[in-house]
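Topology and contacts: notes
Listed below, chain by chain, are the residues.
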Amino acid sequence: MSEVSRRQFLMGSGGLLGFLGIDLTPAVSFTESRADRITRGRQTTTICPYCGCGCSAIVTSEQRDGRWVAINVEGDADHPINEGTLCAKGASLYQMCNNENRLKKVLHRKPGSDRFEEVDWATAAQRIARLIKDTRDASFTERNAKDQVVNRTTAIASLGSAALDNEECWLYQKFVRGLGLVYIEHQARLCHSSTVPSLAATYGRGAMTNHWIDLKNSDVILAMGSNPGANHPISMHWVMKAKENGAKLVCVDPRFTRTACVADVYAPLRSGTDIAFLGGMIKYILDKDLIQRDYVLNYTNASFIVSDDYSFDEASGLFNAYDPEKRKYDKSKWTYKLAEGTPTEPQRDMTLQDPRCVYQLLKKHYARYDMETVSKVTGTPVADLERVYETYASTHRPDRAGTIMYAMGWTQHTVGVQNIRAMAVIQLLLGNIGVAGGGVNAMRGESNVQGSTDHGLLFHILPGYLKTPAASLPALENYNKTNTPATLGASSVNWWGNTPKYMTSFLKSMFGDNATPENDFGYAWLPKVDDGVNYSWLQIFDKIHEGEIRGMFAWGMNPACSGANSNKTRQALAKLDWLVNVNIFPNETGWFWEDASLGIPPSNIKTEVFVLPAAASIEKQGSITNSGRWMQWRYKGADAPGDARPDGDIMNLIFAELRKLYASEGGQCPEPILNLRWDEYLHDGEIDAEAIAKDINGQFLADVTLADGKSYKKGELVPSFAMLQADGTTSSGCWIYAGSFTQDGQNKSKKRVRETSGIGLHPDWAWSWPVNRRILYNRASVDVNGVPYNPRVPVIAWDADAGKWTGDVVDAPATIPPMAQAGGKLPFIMNEEGVGRLWTMKLEDGPFPEHYEPFESPIDNNPFNGQPFNPACKVFKGPMDKRAEPGGAEFPIVASTYRLTEHWQTGVMTRNCPWLLELQPQMFVEMSETLAEEKGIRAGDVVEVKSARGTVLAVAIPTKRFKPMTIMGKTVHTVGMPWCFGWKTPNSGDSANLLTPNIGDANTMIPETKTFLVNIEKAHGKTLRTVPELSATRRA
Amino acid sequence: MSLAVLVDTTKCIGCRSCQVSCKQWNGLPAERTHIEGRDTGYQNPLSLSSHTYTMVSFREIAEPTAPGGFKRVFAKRQCMHCEEPSCVSACPVTALRKTAEGPVIYDSNKCMGCRYCVWACPFGVPTADWDSLTPVIRKCTMCFDRITGHMEIADLNGQPVAAEARERYAAGGKTPACVKACTTGALRFGNRDDLLKTAWERVRAMPDRYVQHVYGEHEVGGTSFLYLAAVPFEKAGFRHDLGTHAPPEYSSIALSLVAPAAMGLGALLTAVYMLQQRKIKLAEAPAPAEKE
C-alpha cells in the first residue's frame, strides 16, 4: 500500500473537492480550533438574502491575500426574529460567497456570437450607455397620440429587483425614471402584486399588517394559500411557540405539505377555489352571528348604505356597470349613499337591518355559498369545511385572535386580489385586524421585495405608493387634484389627503435644486403612463414580440425562468437588440442564446448581451425591509470576488457614461437625465448607501417654522412625514421611510436593542415603516374608550390620567384621543371614510369576491355563476397565448407549482450552491398514488408534463400527499411541481414555467401560475441528464 | 454529566437546516444526488457517509385518524453517541472514544480504515469512503469542538457587544450547529438526564400526540440522541430489535473469557500432554521383573 502523507492526502482531497468550491482549510486546521479561529475573526451581521423573514446571520471574515473572505456564517443568536436559527438556505450562505461559479468578470456577447468575451467595466459601461442613448433617442416620445406630454421611451424595459438593497432600489427607480422608462417591473409583480391593492382596498395599506414574532400571540393560525413550513421556515419558530401556548394551526392546501405535518387541522381544496372556500366561511360566520359586533359596527363599513346603482346578478356572475367588450367595470358606479348636509357623511344603519346596508348585501351575496355547494366545487369534504370554519370563527371573541399566513397560493391567480379580499373581509368580521396575534400576514418571499415595492419599482407606483402620473394630468396640480382623495365623514383622518406634500417632496428628491416652483418641480420630466394602459410584466413580453421594446435590463432577475409561459419569454429575449443582465451567477436569461430548446442557432440571434457581475448581499452594505416592514441594515462582511461590484456602483458607472453622452452630444429630452440629483450620493467615486438613506428619509431644504411652532434648519433630516410640505421646502425620496434616519445621526435600521417585556414588538430593534409602528391599524385593537379588547396582549391602551396612548406607535396622530371622546377618529386612517371596507369600490373585478373558475379549469359548470373565468381580466390572443379547454380531455389534470425550502425562486442562487442542490437535485412532479397507477408510472420514472404552452421533463414522485378529488361529480387529479430548476444546471431539468399560462389577475396582471391544466405521460427513453456523469450516485 | 440531544420528530418540518449547518461547520462537500421518488420523498442524500454526518429521513405512514389520513414523519439521523459505543469497543487503534462530556468522537489521524466500526455499529452510522485511496471513517461528533470550545463574539459591526448579547452568542457557540439552527425547536441540547425528564413530561402530557416511548433511553444500553415520535418507531425507520444491552457488554463477556479460555485451554492441553507423556513413559518403562 503506498504511503500517503498527511499533507499529500490533504492536498489531494483539497484538489478533488476544490471544484465544488469548498475550502477545506477551515475544517482541517491543526494549529487552532475552528471556534478560536472564529473568535479572532471580524464579525458582521447580515440579513439573509432569501425569503422575507429577515433573519440575521453573523458573518465571520478574515483577511487572506489582502481580501476579506467569509469563513463562517451562522444564525445570529441575539436577533429577536430568528434567535440563532436559520433554514437550509440561510445555513448555506457561506457557499454563496465562497463559490467557483460566482460571476467575476464582465461578459460581452456580440450579436450572432456563440460565446461571451471578457471585457473591462469602462468598455462595458460606455457601450451600454451608447446602446441606451441610441434606443432612447430613436424612440423618445414627447407627446402621445392624444397630444399629451408624456416624455417617455417605450423601447426600453427594466426588470428588477427585489435583490437590491433599499438604497439601490431607490437609486435604480430614479435611474430608470430619469431615462423616461414606463416599462418598469420586477419580482413583486409576479409574487405579491395582488396583495397591495387587495389590502389597500380594504384597510388602506397594502402590506403585512403584523410581523413574524407576533404569530406567537395567536390563538388560531390559518395557513392557506401558503406553505410556511417550507418557504418561511422561521415563521414556524413562532407558530410552534403559539402552539405551545395552546394555539391551533389550521392548514388548507391542495397538497399535504410540510406545514400540514404539524397542523392540528388539515383540509384539502382544489387549487383555484379559495373564494368558494372562504365564501363558505363568511356565510358560516354570518349565519351563526359569530362577528365581533362592537368592532364590526364601529370600525367597518358594515352599516354604510350602498347607492341604488350597485347590484350583482347571480346567474351571470356580473356586478353592475360591466362593459363586455372592454371586459371592464365602471367603478364610479359603486358608491355609498351619502347623508344630507355637510360635512359629507355616509348614510348608515347601525342596526344592520337595512337591506341596502353593506352587512345585508354581504349576507345576500354569500347566501349561495352553503357547505354542500362549496364542497362540490372545492373538493373539500363537508366535515372538513365545518371543522375549519368552526375552529377559525372561534376567534370572533375579543379575547381570541386569529391570523392568516398566506402567499402565492392566493396571489397567483386571475382572482388573486379577490382571494385575499375574502380573507380580509373575514378578519374584519371577526375583529382580528389591529390586534396582537391577528392581522393579515402577507408573507413576502424575497428578502427585500417589500423594500423594492415601497421604493416604486413597478410601473404603476412611485416610491411610497404614490401613483405614477397619468398622461391626462399635464401639471402637478392636476395630478394632486385627481390623486388626493376627499375625506368622507368628520371622524375620518384620511391620511392620503396629504398626497401633495409627498409628491412635491418626492420630486425634490429626484431633481434636487433643479426642481423649482417655476418648472412645476420637474413634474414634466417624469415619464407619463397613458390612461388605462397596462405596462406590466405580461404586457412587456407581448410588446417585445411586437417589436416595440428593443432593449432590456434584467437586473437581478431571471425572467427566462420566472415569468409564466417561459417559451414566450425566451423567444422574446431573442428578439431584443440588447440585453443587460446583472447577476451574481450564470443564469438562463443572460445565457438565453445558448438554449438549444429555443430552436434558433446563436448565429441567428442578434441580441447584444452584457453580463455584469454583482456583489452578493454579504459583500456590500445597505438596508433591506422584511415582510413585517422591519428595515434592517446589512454590513459588508466579505469582499466581492473578481470584478464584481455592488449594484449601486454599477448603476453609477452606466449613468455617468450616459450623462457624459447627453452633455456632449445633446439628444432627445436630456433634461431629466442631466437634472437628476445624483452626485450627492458619491463618496470617493463610489455610492454611499447612507447618503441615499438620508435622501430617502428626507430633509428640510430651507429654514422652516411649522404650524405647531416648531422650527427646523435647512439641511436637517425630517423626523417624520408629518413635517413634509407641498411647497418645495422639504424633500423625501419615500415618505413612508421618513423617520428612519434621524438628525442626531442615528440610522435607525441599525438599532439592536431587544425588548425586556411586552408582546414581542421589539420597538428598539431596527425600524419599521411607518414611523416604527409594528402593528398596523392598532387603534382597532381597543374599543371606543381606548380599552384593549384583549387585555392579555394589549397593543395600545389609552392612559386617561396622562392623556396619551401607551404601547406600540399608535396608528393615527398621537394627539388624537379614543373615538368616544371629542376629537376621536376612526382607526383606518388611510381610507377616506376611516373604516375597514367589507364592501369596496376600489377594485377592478368587484366590491365582493365571487368564485370564478381559473382560466384553465377541469370543469365547465361552475354552480355559483355562468362566467367561464374572471370577467375582468385581460386575455392575450397571440399565437403563443394558448388556453386549454375547460373540462377538456387533452389536458384533464389540474397542475400547480410551488416552492421548496431548499431552493429559492428560479434557483439561480441555490442551484449553484452544492449543499442545496444536494438536497433537491432535480425537477420532479408529485402526483397521487392513484394517478400514478392509472398511468403506469412508478416512483423515479421520468415523465413528460405537457400543457397547452409547453413541455417539461420531471422525475415522478407518487405520494399520499395528493389525493384525487370529486369536483361537481367528476374525479379530478392534481399534480404539483417546483419551479426552481433551469437548464443551465446540468442534469436537473428545466422550469415549470414552461407550462404556465400568461394570464393575469384583473387588477394587477399577476400571472396565474398556481392553477392550470396539464397531462402527463411516461417519457420513454428520455432523461433529465444533459451531461454525462461518471455515475449518478457517485460522490464528488 | 452527559450531554445529549432530544429530537422531537413531531415538531420537525423537514427543512434540513440541520443538514446544511452540519456541512457548513464541518466544511463537508456536497454529494451528487438524484431523486429516487419512492417513499423516501425528498430525502437526500439517502444515507449517511463520510461526507454527510446527518440526514433527515422522509416517510409517509398511513394513519386514518390523523389529519389528511396519514402521518409524514421526518427523522434526523446521525451517530447516536451511544453510552457504551460498539464502535469504540471494536476499534483496534482507539481512534474512536467516548468522552466524559457525552459525545463519541474520533481522531481521523489514528483511523487506519479497517472498518470494524462499520460492522459493529448497530445503527449503520460510520461509512467508508469506498472510492478513496485513503479511506477514512467519519461521523457526527455532536460538534465536540463547539461544546468544549470558547467561541466568543466581543465586537460586532465594529461596536463592542453588550453583556447579555455576549452571553447569548457564547451559549450559541457551545451548542451543536444542527441544534442551534433548528427552526422549530425540534432539537434540544442539554444534560441527558434533564432531557429525559423533559421528554417524559412531554410524552405523558400529550398521549394523543406522542407514542409513549423515548427512543434511545434504553436501546443498546442508552444513547445520547433521544427521540420522540407520533408513530411507532419501527415505522419511522428505527431499529426495534436492538435490546437494552449495549453490544460491548456481550463482547466484553467474550473478551473477558479470552484469557481464562486461552489459559484454560492451555492448562487443559498441558494436562492432556502430561497425561499422554506419562502414558508413553509408562508404556516405554521396562516390564517389572518377575518376583520369586
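In this report, the structure presented in the accompanying data block is examined. In this numbering scheme, every chain counts its residues from 1 along its sequence in written order. Chain A is the first chain written and ligand 1 is the first ligand written, with later ones labelled in order. Selection of residues for local features in this predicted model requires a pLDDT of at least 70, selection of side-chain atom pairs for listing and counting requires 80 or more, and totals for whole chains, interfaces and linings are taken over all residues. The side-chain figures draw on all heavy atoms in the structure; neither hydrogens nor water molecules are used.

A look at helix α1 (residues 17-26) of chain B
Every α-helix carries 3.6 residues per turn, so stepping three or four residues along brings you back to the same face. Only protein chains enter the area calculation, which uses a 1.4 Å probe; residues under 20% of their type maximum are buried, those over 50% are exposed, and those in between are partly exposed. Secondary structure counts use DSSP, requiring at least four H or I residues in a row for a helix and at least two E residues in a row for a strand, with both numbered from the N terminus. When you tally the buried positions in α1 of chain B, you get 10 out of 10 residues, the bulk of the element. Of the residues flanking the end of α1 of chain B, it is Gly27 of chain B, one or two places downstream, whose phi is positive at about 60 degrees.

A short note on unusual backbone geometry
Residue Pro770 of chain A follows Trp769 of chain A across a cis peptide bond; omega there is -5 degrees. Residue Pro45 of chain B follows Asn44 of chain B across a cis peptide bond; omega there is -15 degrees. Within the secondary structure, Pro45 of chain B sits in the loop between α1 and β2 (55-62). One non-glycine residue, Asp289 of chain A, lies in the positive phi region at around 55 degrees. On the secondary structure map, Asp289 of chain A appears in the loop between α11 (274-287) and α12 (293-299). A positive phi angle is found at Val220 of chain B, which is not glycine, with a value near 40 degrees. Positionally, Val220 of chain B belongs in the loop between α7 (192-205) and β11 (225-228). Here Val220 of chain B falls in the buried class, since its relative accessible area comes to 2%.

Focus: the environment of Asp349 of chain A
Residue and element names in this part refer to chain A. Inspection of the secondary structure puts Asp349 in the loop between β15 (328-329) and α13 (358-365). Taking the relative accessible area as the measure of exposure, Asp349 reaches 15% and is therefore buried. Once the C-alpha coordinates of Asp349 and Gly41 are considered, the two residues, 308 residues apart in sequence, prove to be 67 Å apart. For this analysis, residues touch if any pair of their heavy atoms sits within 4.5 Å. Non-local contacts of Asp349, meaning those with residues more than four positions away in its chain, are made with Ser303, Ile305 and Asp354.

Regarding the interface of chain A and chain B
One frequently used descriptor of interface size is the decrease in accessible area upon assembly of the parts. Facing 86 residues of chain A, the contacting portion of chain B comprises 68 residues. Summed over both partners, buried area is the accessible surface (1.4 Å probe) that two parts give up on being assembled. Counting each side, the surface lost to burial between chain A and chain B is near 6,400 Å², with a carbon and sulfur contribution of 58%. By definition here, a salt bridge exists when the distance from a side-chain nitrogen of Lys or Arg to a carboxyl oxygen of Asp or Glu is within 4 Å. Across the pair Arg146 of chain B and Glu74 of chain A runs a salt bridge whose closest N-O atoms are separated by 2.8 Å. Between N or O atoms, a polar contact is any pair within 3.5 Å; within protein, one atom must be a potential hydrogen donor and the other a potential acceptor, and residues adjacent in sequence are included only when both atoms are from side chains. The tally of links between chain A and chain B comes to 32 residue pairs in polar contact (both at pLDDT 80 or more).

Things to note about the packing of aromatic side chains
Residues and elements named next belong to chain A. When the centres of two rings from Phe, Tyr and Trp lie within 6.5 Å, Trp using its six-membered ring, the rings pair. Their planes under 30 degrees apart give stacked, over 60 give edge-to-face, and anything left gives tilted. Following the criterion strictly, the structure yields 60 aromatic pairs over all chains and no others. On the numbers, 5.0 Å between centres and 80 degrees between planes, the contact of Phe116 with Trp593 is edge-to-face. With Phe116 in the loop between β4 (106-109) and β5 (117-119) and Trp593 in the loop between β21 (578-583) and β22 (608-613), this residue pair connects regions lying 477 residues apart in the sequence. The pair formed by Phe116 and Trp593 is uniform in burial state, with each residue classed as buried.

Keep in mind these values describe shape, not function.
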